[in-house]
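Results of the structural survey
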Amino acid sequence: MPHNILVTGGCGYIGSHTVLQLLLGGFRATVVDNLDNSSEIAIQRVKELAGEHGPNLDFHKMDLRDRAALEELFASTKFDAVIHFAGLKAVGESVQKPLLYYDNNLNGTITLLEVMASHGCKKLVFSSSATVYGWPKEVPCTEEFPLCATNPYGRTKLFIEDICRDIYRSDSEWKIILLRYFNPVGAHPSGYIGEDPRGIPNNLMPYVQQVAVGRRPTLTVFGNDYATVDGTGVRDYIHVIDLSDGHIAALNKLDESGIGCEVYNLGTGKGTSVLEMVTAFEKASGKEIPLVMAARRPGDAEIVYASTEKAERELNWKAKYGIEEMCRDQWNWASQNPYGYGSPETSD
Ligand code: NAD
Ligand code: WQD
């Protein structure tokens with residue numbers, strides 16, 4: 001029997017790509033998602049892309065905080081492991097609405113962990129974030145760096161990491177991998193699934209793609225006075241397919257004995273500035289991205305990129321794609337789906 005994986009938040013950007021890689025890798029996947037920040041169309045498209053593996057995917061529209069519904073699902077299906085993506089992720093919104101973030105991300109996770117434990121499912125892969133490194137004093141960021149939160153969203157990641165370490169200390173049957181993602185971008189090379197944020201994008205590449213398709217006139221560059229190659233902020237962009245494959249590597253690791261609660265960075269180890277990324281996207285798309293230079297965005301770090309050594313060594317995983325492929329696939333998705341899974345009428 002192939003492994004059966006519960007994927008929370010599997011209709012979202014990273015979740016949908018990971019579900020596809022799971023199916024293609026011979027896993028069965030059950031997705032639960034409340035569709036708060038996603039569309040069920042993503043799941044239909046993943047099924048199509050998975051071809052003969054499509055029937056190995058089930059979807060349940062469900063909020064993780066709905067304990068009764070989650071209990072019912074675990075009572076009817078045996079899961080070998082859970083990949084937990086479900087959560088709210090907009091940094092600015094989390095500052096405006098901290099209780100919404102604490103309720104959704106923390107209560108959702110606690111409910112999930114309790115139901116998992118009561119059904120004897122104690123293998124978890126959790127979506128943490130490079131945001132837990134705050135403003136790193138040096139780069140590359142290794143997993144041993146001191147952790148800090150700079151906003152309520154980041155604090156939910158720190159709290160959940162700590163909760164995971166605590167439950168492992170209390171019960172050594174748990175096997176948990178915390179994956180700290182750097183900056184996921186790009187889309188499946190088919191251009192059939194990709195990132196489709198609701199409202200005005202907060203992140204660089206979704207914004208760039210909306211300028212390229214004519215939905216927004218200009219990209220605002222937040223700060224050009226950083227101590228970097230061209231003055232703009234530097235990040236570690238990682239192709240979403242590489243990131244998805246990192247989850248398969250983590251699942252394989254969970255099959256080893258004595259792993260406890262471990263943390264891994266998922267990045268490329270390379271830093272790219274905002275202007276370098278925009279230039280690469282212009283080249284891939286043939287579109288000009290008009291820029292407006294503006295002040296630094298409050299809370300932003302100057303340079304963040306990953307040390308990838310631990311993941312390479314222990315997960316046997318390494319990112320394969322560079323920014324050319326990231327921009328090529330982002331444009332392939334954007335040009336075929338200028339309004340994402342929606343239409344001009346449904347978009348802001
Ligand atoms: P996303 O918003 O596209 O996907 C998250 C999914 O979770 C959505 O489909 C949403 O509807 C669902 N969801 C949210 N709350 C839920 C709840 N209570 N019950 C059920 N479903 C719920 O986001 P993403 O970019 O795919 O991110 C996935 C995970 O990775 C998140 O935990 C995010 O914090 C983390 N992460 C993302 C990034 C990034 O830049 N995209 C970076 C680091 C970490
Ligand atoms: C990248 C660079 C901006 C938008 C965020 C979260 C982090 C993680 C990943 C979830 C920065 C610049 C951006 C724009 C710009 N998510 N920029 N104009 O800030 O590294 O990380 O997403 O865990 O928690 O904080 O990513 O894509 O927002 O910004 O100039 O319109 O692009 O200043 O230098 P960031 P980002």
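Residues numbered from 1 in each chain as written. Chains lettered and ligands numbered in written order. Predicted model: local features only at pLDDT ≥ 70, side-chain atom pairs only at ≥ 80, totals over all residues. Heavy atoms only, no water.

The protein chain is annotated in an unreviewed UniProt entry as UDP-glucose 4-epimerase from Rhodamnia argentea. The heading Catalytic activity (unreviewed entry) in the UniProt record of the protein chain holds the text "UDP-alpha-D-glucose = UDP-alpha-D-galactose". (UniProt positions renumbered as here; feature names shortened; annotations may be inferred.)

**So, the site of ligand 1**
Taken together, 28 residues lie around ligand 1, and Asp 33, Asn 37, Ser 38, Phe 85 and Tyr 153 are the ones closest in. Leu 64 places a polar main-chain atom, nitrogen or oxygen, 3.0 Å from a nitrogen atom of ligand 1. One of the side-chain nitrogen or oxygen atoms of Lys 89 is found 2.8 Å away from an oxygen atom of ligand 1. Notes on ligand 1: free accessible area 820 Å², of which the protein chains cover 95%. The element best represented in the shell around ligand 1 is strand β5 (residues 123-129), accounting for 3 residues. Classifying every residue of the shell around ligand 1 gives 12 nonpolar, 10 polar and 6 charged. (Near = heavy atom within 4 Å. Polar contact = N/O pair within 3.5 Å; in protein donor to acceptor, adjacent residues only side chain to side chain. Areas by Shrake-Rupley, 256 points an atom, 1.4 Å probe, with all protein chains shown as cover. Helix = DSSP H or I, 4+ residues; strand = E, 2+ residues; numbered from the N terminus. Nonpolar A, V, L, I, M, F, W, Y, C, P; charged D, E, K, R; others polar.)

**A look at the pattern of salt bridges**
Scanning the entire structure with this criterion turns up 19 salt bridges. One salt bridge connects Arg 180 with Glu 161, and the closest N-O pair in it is separated by 2.8 Å. Pair noted here: Arg 180 is in strand β6 (residues 175-181) and Glu 161 is in helix α6 (residues 152-170), with a separation of 19 residues, a long-range link. Taken as a pair, Arg 180 and Glu 161 share a single burial class, namely buried. A salt bridge links Glu 256 to Lys 253, with the shortest nitrogen-to-oxygen separation between them at 3.0 Å. (Salt bridge = Lys/Arg side-chain N within 4 Å of Asp/Glu carboxyl O. Buried < 20%, exposed > 50% of the residue type's maximum accessible area, 1.4 Å probe, protein only.)

**A short note on the site of ligand 2**
Taken together, the neighbourhood of ligand 2 is formed by 18 residues, with Ser 129, Tyr 153, Thr 220, Arg 235 and Asp 300 sitting nearest. In the model, an oxygen atom of ligand 2 is placed 2.7 Å from a nitrogen or oxygen of the Ser 129 side chain. The side chain of Asp 300 places a nitrogen or oxygen atom 2.6 Å from an oxygen atom of ligand 2. Summarising the interface, the protein chains cover 87% of the accessible area of ligand 2, which totals 690 Å² for the free molecule. Among the elements that take part in the shell around ligand 2, strand β8 (residues 219-222) stands out by supplying 4 residues, more than any other. Broken down by class, the residue content of the shell around ligand 2 amounts to 8 nonpolar, 7 polar and 3 charged.

**Description of the UniProt feature "domain: NAD(P)-binding" (unreviewed entry) in the protein chain**
The UniProt feature table records "domain: NAD(P)-binding" (unreviewed entry) at residues 6-329. A helix fraction of 40% and a strand fraction of 17% characterise residues 6-329, whose end C-alpha atoms lie 27 Å from each other.

**Structural notes on the pairing of strand β3 (residues 57-61)**
In this sheet, β3 lies alongside strand β2 (residues 28-33) in parallel orientation, the contact comprising 5 bridges. When the bridges of β3 are listed, Val 32 appears paired with His 60. (Pairing = 2+ DSSP bridges.)

**Points about the packing of aromatic side chains**
With the rule as written, the count across this model stands at 6 aromatic pairs. Summarising the aromatic geometry, the rings of Trp 333 and Tyr 341 are spaced 5.1 Å apart at their centres and angled 55° between planes, so their arrangement reads as tilted. For the pair formed by Trp 333 and Tyr 341, the shared burial category is buried. Each member of the aromatic cluster is reached from another via a ring pair, and the members are Tyr 133, Phe 145 and Phe 182. Note that Arg 45 overlies the ring of Tyr 192, its terminal NZ or CZ placed 4.7 Å from the centroid. Directly above the aromatic system of Tyr 207 lies the positively charged group of Arg 216, at a separation of 6.0 Å from the ring centroid. (Phe/Tyr/Trp six-rings, centres within 6.5 Å; stacked < 30°, edge-to-face > 60°. Lys NZ or Arg CZ within 6 Å of the ring centre and 35° of its normal.)

**Overview of the packing of helix α7 (residues 204-212) against helix α11 (residues 323-336)**
Interhelical geometry of α7 versus α11 gives an angle of 50° and a closest axis separation of 10 Å. Of the possible angle classes, the one that applies to α7 and α11 is oblique. Two packed elements cross with a definite hand, and for α7 against α11 that hand is right-handed. Contact residues: Met 205, Pro 206, Gln 209 and Ala 212 in α7; Cys 327, Gln 330, Trp 331, Trp 333 and Ala 334 in α11. Grouping the amino acids of the contact of α7 with α11 by side-chain chemistry returns 7 nonpolar, 2 polar and no charged. (Axes fitted to C-alpha atoms, helices over the stretch in contact; angles between N-to-C directions. Parallel < 35°, antiparallel > 145°, perpendicular 65-115°, else oblique. Left-handed = near helix turned anticlockwise from the far one by under 90°. Contact = heavy atoms within 4.5 Å.)

**Digging into the environment of Leu 6**
Position of Leu 6 relative to the elements: it lies in strand β1 (residues 4-8). Measuring from C-alpha to C-alpha, the distance between Leu 6 and Asn 337 comes to 28 Å, with 331 residues separating the pair along the chain. If near-sequence neighbours (up to four positions away) are discounted, Leu 6 is found in contact with Thr 30, Val 32, Leu 73, Phe 74, Phe 79, Ala 81, Val 82, Ile 83 and Leu 112.

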